[in-house]
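As a plain string of letters, each chain reads:
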Amino acid sequence: MKSSLPLLSHPFRHPRWWALGFLGLCLGHALSVLLPIPWFSLLPIAGLWLGLAARLGWGAPRHARYRRVWPWSLLPLALWWVYLYLSHGFGIVDLGAVFFHLQAGISEHGGAGRITAAILYTLAGLLSLAAFTWLIRTDRRWRLWEKVLMLALVAGNPLLFGLGQRGAAIVVEDDGAWLDRRYQQPVLQGRPASPPNLLVIYLESLERTYADRERFGDAYADLDRLGARGSVFAGVRQLDNTGWTMAGMIASQCGVPLMPAGLLHDRQFEPLEAVAPGVDCLGDLLSEEGYRLTYLGGASTDFAGKGLFYEGHGFDRVLGREALTPRLTDPDYLNSWGLYDDTLFDIAMQEIDALEAEPGPWGLVMLTLGSHAPNGYPSRRCRERQGEFDGVDILYSVECTAWLTRDFLERLEARGLLDDTLVMIASDHLSMRVSAWDQLVLGERDNTFMLLGPGVEATRIERQASTLDLYPTLLEAMGYDLPQHRAGLGVSLLAPTLNLVERHGVEEINRRLTQERALQQRLWEGLAPRPRAQGDEDAASGGVEQVTEMPRDKPAGEMPPL
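Residues numbered from 1 in each chain as written. Predicted model: local features only at pLDDT ≥ 70, side-chain atom pairs only at ≥ 80, totals over all residues. Heavy atoms only, no water.

### Comments concerning the pattern of salt bridges
Inference 1: Taken as a whole and judged by the stated rule, the model has 26 salt bridges.
Inference 2: Here Glu289 and Arg191 are joined by a salt bridge, their closest N and O atoms 2.9 Å apart. Within this pair, whereas Glu289 is found in the loop between helix H12 (282-288) and strand S3 (292-297), its partner Arg191 is found in the loop between helix H8 (158-172) and strand S1 (197-203), the two being separated by 98 residues in sequence.
Inference 3: Given the relative accessible area of 23%, Glu289 is considered partly exposed.
Inference 4: Classification of Arg191 as partly exposed rests on a relative accessible area of 49%.
Inference 5: With a shortest N-O distance of 2.8 Å, Asp446 and Arg208 are connected by a salt bridge. Residue Asp446 is located in the loop between helix H18 (437-440) and strand S7 (449-452), and its partner Arg208 is located in the loop between S1 and helix H9 (213-216); the two are separated by 238 residues in the primary sequence. (Salt bridge = Lys/Arg side-chain N within 4 Å of Asp/Glu carboxyl O. Helix = DSSP H or I, 4+ residues; strand = E, 2+ residues; numbered from the N terminus. Buried < 20%, exposed > 50% of the residue type's maximum accessible area, 1.4 Å probe, protein only.)

### A word on unusual backbone geometry
Inference 1: Here the amide bond leading from Ala373 into Pro374 is cis, since omega sits at 5 degrees, within 30 degrees of zero.
Inference 2: Tracing the backbone shows Pro374 in the loop between strand S5 (362-367) and helix H16 (380-386).
Inference 3: Positive phi values are uncommon outside glycine, yet Gln484 reaches one of about 60 degrees.
Inference 4: Tracing the sequence through the fold places Gln484 in the loop between helix H19 (470-477) and strand S9 (486-487).
Inference 5: In this structure, His485 is a non-glycine residue whose phi angle is positive, near 60 degrees.
Inference 6: For His485, the location among the structural elements is in the loop between H19 and S9.
Inference 7: A relative accessible area of 30% means that His485 is categorised as partly exposed.

### Digging into the nonpolar core
Looking at soluble globular proteins, one finds that nonpolar side chains tend to be buried together.
Inference 1: Grouped together as the largest cluster of nonpolar side chains are 122 residues, with contacts concentrated most on Leu199, Tyr210, Phe408 and Leu409.
Inference 2: Examining the composition of this core, we find that 10 residues originate from one element, helix H17 (residues 394-414), more than from any other.
Inference 3: Setting aside residues up to four positions removed in sequence, Leu199 forms contacts with Ile352, Leu364, Met366, Phe408, Leu409, Leu412, Thr421, Leu422, Val423 and Met424.
Inference 4: Counting 29 residues, the second-largest nonpolar core is a separate cluster that includes Leu20, Leu23, Leu74 and Trp81. (Core = buried A, V, L, I, M, F, W, Y, C linked by side-chain atoms within 4.5 Å. Contact = heavy atoms within 4.5 Å.)

### With respect to the state of the cysteines
In protein chemistry, a disulfide is the covalent bond that joins the sulfur atoms of two cysteines.
Inference 1: One pass over the structure, following the stated rule, counts 2 disulfides.
Inference 2: Each sulfur of the disulfide joining Cys254 and Cys281 lies 2.0 Å from the other. Since a negative S-S torsion denotes a left-handed disulfide, the Cys254-Cys281 link at about 105 degrees is right-handed. Taken together, the positions of Cys254 in helix H11 (residues 245-254) and Cys281 in the loop between H11 and H12 put the pair 27 residues apart, joining distant regions of the chain. An identical accessibility class is assigned to Cys254 and Cys281; each is buried.
Inference 3: Each disulfide pairs two cysteine sulfurs, and for Cys382 the partner residue is Cys400, the sulfurs being separated by 2.0 Å. Across the S-S bond of Cys382 and Cys400 the torsion is about 80 degrees, and the bridge reads as right-handed. Taken together, the residues Cys382 in helix H16 and Cys400 in helix H17 connect sequence positions 18 residues apart.
Inference 4: Overall, the relative accessible area of 0% leaves Cys382 in the buried class.
Inference 5: Once the disulfide-bonded cysteines of the chain are ranked by sequence position, their pairing pattern turns out to be 1-2, 3-4. (Disulfide = S-S within 2.5 Å.)

### What about the sheet that holds S5?
Inference 1: Overall, mixed pairing links the 8 strands, which are arranged S4-S3-S5-S1-S6-S7-S2-S8 in an open sheet. If you trace the sheet from one side to the other, it starts and ends with strand S4 (317-319) and strand S8 (459-466), each paired once. Here the average twist between neighbouring strands, direction ignored, is 15 degrees.
Inference 2: For S3 and S4, the ladder comprises 3 bridges, and the chain directions are parallel. Bridge pairing links Tyr295 to Val318 in S4.
Inference 3: Taken strand by strand, helix H15 (residues 341-356) contacts S1, S3, S4 and S5, and its axis lies near 170 degrees from that of S5. (Pairing = 2+ DSSP bridges. Axes fitted to C-alpha atoms, helices over the stretch in contact; angles between N-to-C directions.)

### What to know about the confidence of the model for the chain
Inference 1: Across the chain, the average pLDDT comes to 84, with 81% of residues at 70 or higher.
Inference 2: Between residues 264-269, whose pLDDT stays under 50, and residues either more than four places distant or in other chains, the model counts 15 contacts. (pLDDT = per-residue confidence, 0-100.)

### Regarding the environment of Arg381
Inference 1: You can see Arg381 is positioned in helix H16.
Inference 2: Note on Arg381: relative accessible area 28%, which makes it partly exposed.
Inference 3: The spatial distance from the C-alpha of Arg381 to the C-alpha of Asp341 is 9.5 Å, given a sequence separation of 40 residues.
Inference 4: When residues no more than four places from it in sequence are discounted, the contact partners of Arg381 are Asp342, Trp403, Leu404, Asp407 and Arg411.
Inference 5: Here Asp407 takes part through its side chain, which lies 3.2 Å from a polar atom of the side chain of Arg381. (Polar contact = N/O pair within 3.5 Å; in protein donor to acceptor, adjacent residues only side chain to side chain.)

### What about the environment of Gly59?
Inference 1: Topologically, Gly59 is positioned in the loop between helix H3 (42-56) and helix H4 (74-90).
Inference 2: By relative accessible area, Gly59 is classed as buried at 7%.
Inference 3: Along the primary structure Gly59 and Ala19 are separated by 40 residues, whereas in three dimensions their C-alpha atoms are 9.5 Å apart.

### Concerning H3
Think of an α-helix as 3.6 residues a turn; residues three or four steps apart then line up on the same face.
Inference 1: With 15 residues, H3 extends 21 Å between its outermost C-alpha atoms, agreeing within 8% with the 21 Å of an ideal straight helix rising 1.5 Å per residue.
Inference 2: Looking only at H3, the buried set comprises Leu42, Ile45, Ala46, Trp49, Leu50 and Ala53. Taken down its axis, H3 places every buried residue within 135 degrees of arc, on the same side. In H3, the exposed residues that point more than 90 degrees away from the buried face are Leu43, Pro44, Leu48 and Arg55.
Inference 3: Backbone geometry just downstream of H3 places Gly57 in the positive-phi region, at approximately 70 degrees. (Expected span 1.5 Å × (residues − 1). Arc of directions from axis to C-beta.)

### Focus: the packing of aromatic side chains
Inference 1: In this structure the tally under the stated criterion is 13 aromatic pairs.
Inference 2: Their ring planes at 70 degrees and their centres at 5.2 Å tell us that Tyr210 and Phe216 sit as a pair that is edge-to-face. For the pair Tyr210 and Phe216, a shared accessibility class is recorded, and that class is buried.
Inference 3: Aromatic pair Phe389 and Tyr396: ring centres 4.9 Å apart, planes at 35 degrees, arrangement tilted.
Inference 4: What makes Phe389 buried here is its relative accessible area of 11%.
Inference 5: Here Tyr396 falls in the buried class, since its relative accessible area comes to 8%.
Inference 6: Ring pairing ties together the aromatic residues Trp49, Trp58, Phe132 and Trp142, which thus form one cluster.
Inference 7: Sitting over the face of the ring of Trp70, Arg137 holds its NZ or CZ atom 4.4 Å from the ring centroid. (Phe/Tyr/Trp six-rings, centres within 6.5 Å; stacked < 30°, edge-to-face > 60°. Lys NZ or Arg CZ within 6 Å of the ring centre and 35° of its normal.)

Structural data, given as structure tokens:
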């Protein structure tokens, strides 16, 4: 008896089923990336697609009216593949990160897996475009509705929506300076009698959300133990343009979101020569106070402008993979990004010994990479302690970095190296897509931020804030006085003054970011001439008064302008 299911009986005689089947798998993969459903859902989705195709006879000979045409939807479909690649690899797509990395440089990245994924996505995209072109050319009904599909693909693509939103905001907004009006030039008004040393530990992607033991078990437990001895800040949200490593460090050290240079960079096809040259950051202030500053990171300092940023903002020594690899006892003990965290902490101990041997205060900023998405890079010491790593579980890597951090600080403390040192532990940004992604995005997420050291009260401070607020909080914790407790766009979380998130909310700030041009010009001042604006004469004459609220901006019932 002849089967009525050509897909099962004669697949090679019906190439349309291969084309439709591949399109169904692509649709299933797209939905599994965009929606909180497991990856294997693509199989039943593809089955439903094929069932619908069989019922409606898509591409069947009785509906065939072959015309050699090119679909209008090819470019929108290709752009969807770009978005799916970014979303699958990073979770939340930040256009600012894309633009910044293209200008700052990505040649020394360690994401070999991303390249493999990019190749696979490119091949799948090309095959899907070929299959879709065949369907459009073969089935007149698809040709009839294809322009409507094209409009839907354009309107629904978050990449195009973000670009369109930015363009529309530039046209509609009156001056594009809402954030710039709130920028406070960092000024140290009072100084501690004995400035403390400073140790800043950025934990790559290790957000405080992992502290939820119901979802993540004991992965964060060692950081909780550290936090019990100092001030823990809960509620530190992530604004747009602060969600990747360089953006997170600039937000927490300069008090501004990292708005890419864009067209302000007057040599578009050459690498940046400086990063955030128009603002004064933590390193600028502390170097003027006599601090000897060192940056230490396991990855390359050439990637994404890290070296340019620290060298241009007061740091005396900037050490990354290139400088640190010769110091390894085992030169092969490296991962695709660079040094493992256990090695990095050992080298940090050596650096602190050297800094302690010289007079005057010092500052060390370091960045781990053990909990880097998608799976992390757990160190050898952790494998000996935690057992075998399956290569996928990010919670294994989170637990590893948390334990290594606590162990490092306990070793420093045992040698008396923290007696006059303020320690800041912070995530550089929220995690990108990892094995625990579905659990991470179940609720509100916040960044790790805690302070430890002499005179730091053991307390938990719960406030809605952003990483912009870490900059003035850190300075005030060191004993410095700031005008109105503010630096950049941040407000010290040790003061009762309301910060931007408490005043306006994350969504409103993100909306204003799409409209902002003046702050972007301030950030990249020096790369291109800055238009002279009203008030520049006052700034040139030495005035430091900062307008923080315009009457039309102040919501009813809000505190008076600072």
